[in-house]
Amino acid sequence: RRFFCANEILKYRVFDRNLKRKQRDRAAWLMRPKDCLLDTVAENLIDRLEDCKKIFPTALCMGGSTEAIRRLLPGRGGIERLLIMDSSYDMVKLVENTELESPSKDIEMSFIVGDEECLPIKESSVDLIVSSLGLHWVNDLPGAMIQSRLALKPDGLFLAAILGGETLRELRIACTVAQMEREGGISPRVSPLAQVRDAGNLLTRAGFTLPGVDVDEYTVRYGSALEVIEHLRAMGETNAVLQRSRILKRETALATAAVYESMFGEEDGTVPVTFQVIYMTGWRDHPSQQRAKTRGSATVSFGDIQKH
């Protein structure tokens, strides 16, 4: 292997990666043909390619909304070969079968079963890496991003979208109130997510140059709180925290739904759900890129500018 497997040396793990793989296996059978939320996030992510003058002949799409990326990416960035990777065999097979039914024009597709925590990609072998709503389930996010940078060729581009800490805030509140009322205590029912302030530090720590971070919030309305859970299952976004409670009592689940609809329900009977998405952009270092001047090289002081 060219890369170390970060998962092997990580002492403290937050997520159960084996459970997450099983959840994505299930999502492959439940996933909608076109999911408005996943499509919107994927579209906004790969729109950043329109701002780049260079082309990216070889691209890797790993985890998350692989089907949406496969469908929306062709025709952008001069991509000639696209590698689709997911830890779930069923998800990879779903994307492969969809590609056979409606093949992408002028793009050669390859399919890999692999884990973002131990990236099975040679060093300096791809021009572009795209991850739409997948990396927030990685235990060692800086390590996974370092491996992504190493897999990029010099001047290669890294594009990622992850769910931020404000995601599902309504569900978090409803779960906490219901558990305190029914069980007299709380256990994690919604996975912890990264904060916006951490995203720029992650890119810098991973060694990317010209880092960029921006945030969008999407509000999706559902017919009931139970529909929210069903959609999360279909996206493969249900809880995978190792220290979660393995049993959810029926009365607690019903109480959570009732609290949710009581606290956040709209007049038309729908319930809103917040999804905060953090978009990250970074490049692998190359001599042609813009660079900050060395400290102390300025010829004009800010004091002189202020006087004038």
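Everything numeric here is computed off the predicted structure, so don't read it as measured data.

Caption draft 1: View of the overall build of the chain. Secondary structure summary: the chain contains 11 helices and seven strands in total. Computed over C-alpha atoms, the radius of gyration of the chain comes to 21 Å, within 12% of the 19 Å expected from 2.2 N^0.38 for 308 residues, which places it in the range of a compact globule. Along the three orthogonal principal directions, the C-alpha set of the chain runs to about 65 × 60 × 45 Å. Residues counted as buried form 52% of the 308 residues belonging to the chain. If you take every contact in the chain between residues at least 6 apart in sequence, the share linking residues at least 24 apart comes to 84%. Only carbon and sulfur atoms are counted for the fraction: they give 52% of the accessible area of the chain, which is about 15700 Å². Separation between the mean location of the 41 positive side-chain charges and that of the 43 negative ones in the chain comes to 6 Å.

Caption draft 2: The arrangement of the layout of surface pockets in detail. Its volume calculated, the second largest pocket comes out at about 260 Å³. Taken together, the residues of the lining of the second largest pocket break down into 10 nonpolar, three polar and one charged.

Caption draft 3: View of the packing of aromatic side chains. In the structure shown here, the tally under the stated rule is four aromatic pairs. Taking 6.2 Å as the distance between ring centres and 40° as the angle between the ring planes, the aromatic pair formed by Phe-56 and Trp-283 counts as tilted. Residue Phe-56 is found in the loop between α3 (36-46) and β1 (58-64), and its partner Trp-283 is found in strand β7 (residues 271-283); the two are separated by 227 residues along the sequence. The exposure classification of Phe-56 matches that of Trp-283, with both residues buried. Each ring, one from Tyr-260 and one from Phe-264, has its centre 5.7 Å from the other, and the planes form 70°; the classification is edge-to-face. Of the two residues, Tyr-260 and Phe-264 are both situated in helix α10 (residues 250-264); the distance of four residues between them amounts to about one turn of the helix. One residue, Lys-20, lies across the ring of Trp-137, its end atom 3.5 Å from the ring centre. Its end group placed over the ring of Tyr-279, Arg-48 keeps NZ or CZ at 4.5 Å from the ring centre.

Caption draft 4: Fine view of the confidence of the model for the chain. Averaged over the chain, the pLDDT score is 88; the fraction of residues at 70 or greater is 92%. Summarising per-element confidence for the chain, the mean pLDDT is lowest in helix α1 (residues 6-9) (45) and highest in strand β4 (residues 126-132) (97).

Caption draft 5: Looking closely at helix α8 (residues 196-205). Turning to α8, its buried residues number three or more, namely Ala-199, Leu-202 and Leu-203. Down the axis of α8, the smallest arc covering the buried residues is 95°, so these residues share one side. Looking at α8, the residues exposed on the side facing more than 90 degrees away from the buried face are Arg-197, Asn-201, Thr-204 and Arg-205. Where α8 is buried, its residues contact α6 (141-151), β5 (152-163), β6 (209-222) and β7. Just downstream of α8, Gly-207 is the residue with a positive phi angle, here 90°.

Caption draft 6: Molecular detail of unusual backbone geometry. In this structure, Leu-133 takes a positive phi of about 60° despite not being glycine. Positionally, Leu-133 belongs in the loop between β4 and α6. In the Ramachandran plot, Leu-168 falls in the positive-phi region, its phi being about 60° despite a non-glycine side chain. Summarising the element assignment, Leu-168 is placed in the loop between β5 and α7 (169-182). For Leu-168, a relative accessible area of 8% translates into the label buried.

Caption draft 7: Fine view of the sheet that holds β7. Here seven strands make up an open sheet; going across it, the order is β3-β2-β1-β4-β5-β7-β6 and the pairing mixed. A strand with exactly one partner marks an edge of an open sheet, and here the two such strands are β3 (108-113) and β6. Adjacent strand axes in the sheet meet at a mean angle of 15°, parallel and antiparallel pairs treated alike. Pairing of β1 with β4 involves four bridges; the strand directions are parallel. What sits directly across from Cys-61, in β4, is Val-130.

Calculation rules
- Residues numbered from 1 in each chain as written.
- Predicted model: local features only at pLDDT ≥ 70, side-chain atom pairs only at ≥ 80, totals over all residues.
- Heavy atoms only, no water.
- Helix = DSSP H or I, 4+ residues; strand = E, 2+ residues; numbered from the N terminus.
- Rg over C-alpha atoms; globule rule 2.2 N^0.38 Å.
- Buried < 20%, exposed > 50% of the residue type's maximum accessible area, 1.4 Å probe, protein only.
- Contact = heavy atoms within 4.5 Å.
- Areas by Shrake-Rupley, 256 points an atom, 1.4 Å probe, with all protein chains shown as cover.
- Lys, Arg positive; Asp, Glu negative; His and termini not counted.
- Charge placed at Lys NZ, Arg CZ, Asp CG, Glu CD.
- 1 Å grid on protein atoms, 1.4 Å probe; cavity = no way out; pocket = protein on both sides within 12 Å on 5 of 7 lines; lining within 4 Å.
- Points joined across faces, edges and corners; volume = space filled by probe spheres on them.
- Nonpolar A, V, L, I, M, F, W, Y, C, P; charged D, E, K, R; others polar.
- Phe/Tyr/Trp six-rings, centres within 6.5 Å; stacked < 30°, edge-to-face > 60°.
- Lys NZ or Arg CZ within 6 Å of the ring centre and 35° of its normal.
- pLDDT = per-residue confidence, 0-100.
- Arc of directions from axis to C-beta.
- Pairing = 2+ DSSP bridges.
- Axes fitted to C-alpha atoms, helices over the stretch in contact; angles between N-to-C directions.

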